[in-house]
Amino acid sequence: MSDNHVLLIRLAGPLQSWGINGRFARRDTHGRPTKSGVIGLCAAALGLDRDEPLGELAEVLYGVRADRPGTPLRDYHTVGGGTYPLRPRDLLTDHQRAAKAVADAASGSSEPGSFGRAELEAWYGSPKYVTADPVSGALVSKEVRRHALITERWYLSDAAFLVGLEHPDAALLARIAHALEHPKRLLWLGRKACPPSGDLALGVVPGQVREAFASHALLPDGVAPREGAAPAPAQSARPWAWIESPRPLPGVGPLQDQPVRFGADGGVHSLRWETRHRITISPNAHGWDIIL
């Protein structure tokens, strides 16, 4: 009998995106939540700073059950370009544009004091870096983009995952569970455009991840069954699950999503190993009474 405990977490929402290799123009998503993404979610809920050591939070054994794997969704995404309204910060970060705006106002070609009305062609007004002009000393944008940036972003649509965090310290898991329901920072499912829906923390149970997955029913999808349709028995569902191994496994490729630390530079990750299982849901599986 294991002395470990498992915190069960529900990750569901209209969109999720758990990137592993996505950078710049192409932002991918893994087919399931990554350990790094979920630990980051818990760290945000606890209010940890990015450079703060993760401690026991990074030591939990991780598992994820795909109750509804979701549908891959591609977003053709553009940033900038086109016509944008003139804003006060544009004048602060670009002295040439400020001089032109003053000249236009003096000549009567623009309405004085009408920020948000005068329009600029092909201007991306969110400068990444602000620096001082070497001649005038005025604040200017060091990296100005005047044309649209095109990116390809991938999401999982209408997915639901049951995550298990296994650790001997039940008090630690209970603290994480409380934080997920009373977070100190905003939470999202991998990307800021993907807020979670309903309950996240579903309780702490004794045992190991695989046992917890087998003894709990599939997550409800919030869709009422058709009139006259009999619900499918829980034991007929055999979802896939991926469960972390505490030691390297021969013949199993590692994943580079074990968080070592988070930071503004993207953080540091190391290798971990996991195995894939078909989970047979017990006929006496625990059901759910949760907010969807």
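Reference entry: report on the structure contained in this document. (Residues numbered from 1 in each chain as written. Predicted model: local features only at pLDDT ≥ 70, side-chain atom pairs only at ≥ 80, totals over all residues. Heavy atoms only, no water.)

1. Considering helix α4 (residues 170–181)
(1) Moving on: Taking 1.5 Å as the rise per residue, α4 with 12 residues should run 16 Å; its terminal C-alpha atoms sit 17 Å apart, in good agreement.
(2) Moving on: Within α4, burial applies to Leu172, Leu173, Ile176, Ala177, Ala179 and Leu180. Viewed end-on, α4 has its buried residues packed into an arc of 165 degrees, placing them on one side of the element.
(3) Moving on: The inward-facing, buried residues of α4 abut β1 (5–16), α1 (35–46), β9 (149–167) and β10 (201–206). (Helix = DSSP H or I, 4+ residues; strand = E, 2+ residues; numbered from the N terminus. Expected span 1.5 Å × (residues − 1). Buried < 20%, exposed > 50% of the residue type's maximum accessible area, 1.4 Å probe, protein only. Arc of directions from axis to C-beta. Contact = heavy atoms within 4.5 Å.)

2. Observations regarding the environment of Tyr62
(1) Moving on: Within the secondary structure layout, Tyr62 lies in strand β3 (residues 61–68).
(2) Moving on: We classify Tyr62 as buried; its relative accessible area is 0%.
(3) Moving on: Separated by 102 residues in sequence, Tyr62 and Gly164 have C-alpha atoms that sit 5.9 Å apart.
(4) Moving on: The contacts of Tyr62, once residues within four sequence positions are left out, are Pro33, Thr34, Lys35, Val38, Val163, Gly164, Leu165, Trp242, Ile243, Glu244 and Arg272.
(5) Moving on: Within polar-contact distance, the side chain of Tyr62 engages the backbone oxygen of Pro33 at 2.8 Å. (Polar contact = N/O pair within 3.5 Å; in protein donor to acceptor, adjacent residues only side chain to side chain.)

3. Focus on the packing of α1 against α4
(1) Moving on: It is at 8 Å that the axes of α1 and α4 come closest, and there the two elements cross at 75 degrees. Between α1 and α4, the crossing angle belongs to the class labelled roughly perpendicular. Judged by residue contacts, Leu41, Cys42, Ala45 and Leu46 of α1 engage Arg175, Ile176, Ala179 and Leu180 from α4. (Axes fitted to C-alpha atoms, helices over the stretch in contact; angles between N-to-C directions. Parallel < 35°, antiparallel > 145°, perpendicular 65-115°, else oblique.)

4. Remarks on the pattern of salt bridges
(1) Moving on: Evaluated as defined, the whole model comprises 7 salt bridges.
(2) Moving on: Ionic pairing is found between Arg74 and Glu152, a salt bridge with its closest N-O pair at 2.6 Å. In this pair, Arg74 sits in strand β4 (residues 71–79) while Glu152 sits in strand β9, placing the two residues 78 residues apart along the sequence.
(3) Moving on: For Arg74, a relative accessible area of 45% translates into the label partly exposed.
(4) Moving on: A relative accessible area of 23% places Glu152 in the partly exposed class.
(5) Moving on: Note that Glu274 and Arg272 form a salt bridge whose closest N and O atoms lie 3.3 Å from each other. Both residues of the pair, Glu274 and Arg272, belong to the buried class.
(6) Moving on: Through salt bridges with shared partners, one network takes in Arg32, Asp257, Arg272 and Glu274. (Salt bridge = Lys/Arg side-chain N within 4 Å of Asp/Glu carboxyl O.)

Nothing here speaks to function; it is all geometry.
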